[in-house]
Amino acid sequence: MRVHRHIATLITLGTLASFAACAPYGHSSTEISASWDSGPLDRQYRREHDAMVVRHNDEIAHPRADESSDQRDARQSSERNSLEVRYTTGKNGHMASLPN
């Protein structure tokens with residue numbers, strides 16, 4: 001008998017869920033999330049990232065008088081890192097939008 005791929009996937013998920021349910025409390029590290037859609041988070045990240053890149057390029061092309069290039073580079077690096085941390089936190093937490 002030929003088992004279709006989606007039936008095999010459902011059987012596998014059901015088996016994993018039953019093992020997770022039978023595991024002693026506090027000792028299971030299995031987490032199944034078949035319903036989380038990362039699309040909204042990914043789209044918001046992409047919008048913020050693209051806007052940041054445009055702003056950073058504009059700041060490089062038109063430097064502020066009160067900020068040295070080293071200060072600008074450090075600030076921009078910090079902004080990039082902050083966005084990446086927010087995105088990673090959102091992914092790990094299965095969030096629908098970027099955390100603040």
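Provided above is the structure to which this section pertains.
Okay, so let's go over this structure. Predicted model, so just to flag it, every value in this text is computed and none were measured.

### So, the overall build of the chain
- On a plain count of helices and strands, the chain comes out with three helices and zero strands.
- Ordering the α and β elements of the chain from the N terminus gives α-α-α.
- Counting only residues that meet the buried cut, the chain has 18% of its 100 residues in that class.
- Considering only contacts within the chain whose residues lie at least 6 apart along the sequence, 58% involve residues at least 24 apart.
- On the chain, roughly 7,700 Å² of surface is accessible, and the fraction owed to carbon and sulfur atoms is 55%.

### A word on the packing of helix α2 (residues 39-61) against helix α3 (residues 69-92)
- Running from amino to carboxyl end, α2 crosses α3 at an angle of 180°, the nearest separation of the two axes being 11 Å. As far as their axial angle goes, α3 and α2 are roughly antiparallel. On the side of α2, the interface is formed by Leu-41, Asp-42, Tyr-45, Glu-48, His-49, Met-52, Arg-55, His-56, Glu-59 and Ile-60, while α3 contributes Arg-72, Arg-75, Gln-76, Glu-79, Arg-80, Leu-83, Glu-84, Arg-86, Tyr-87, Gly-90 and Lys-91.
- Here the residues of the contact of α2 with α3 sort into six nonpolar, four polar and 11 charged.

### Some thoughts on the packing of aromatic side chains
- This structure, assessed with the given rule, holds one aromatic pair.
- Seen in terms of ring centroids, Tyr-45 and Tyr-87 are 4.1 Å apart; in terms of plane orientation they differ by 25°. Their pairing is stacked. Here the residue Tyr-45 occupies a position in helix α2, and Tyr-87 occupies one in helix α3, the gap between them amounting to 42 residues. Residues Tyr-45 and Tyr-87 agree in their burial class; the two are buried.

About the thresholds
Residues numbered from 1 in each chain as written. Predicted model: local features only at pLDDT ≥ 70, side-chain atom pairs only at ≥ 80, totals over all residues. Heavy atoms only, no water. Helix = DSSP H or I, 4+ residues; strand = E, 2+ residues; numbered from the N terminus. Buried < 20%, exposed > 50% of the residue type's maximum accessible area, 1.4 Å probe, protein only. Contact = heavy atoms within 4.5 Å. Areas by Shrake-Rupley, 256 points an atom, 1.4 Å probe, with all protein chains shown as cover. Axes fitted to C-alpha atoms, helices over the stretch in contact; angles between N-to-C directions. Parallel < 35°, antiparallel > 145°, perpendicular 65-115°, else oblique. Nonpolar A, V, L, I, M, F, W, Y, C, P; charged D, E, K, R; others polar. Phe/Tyr/Trp six-rings, centres within 6.5 Å; stacked < 30°, edge-to-face > 60°.

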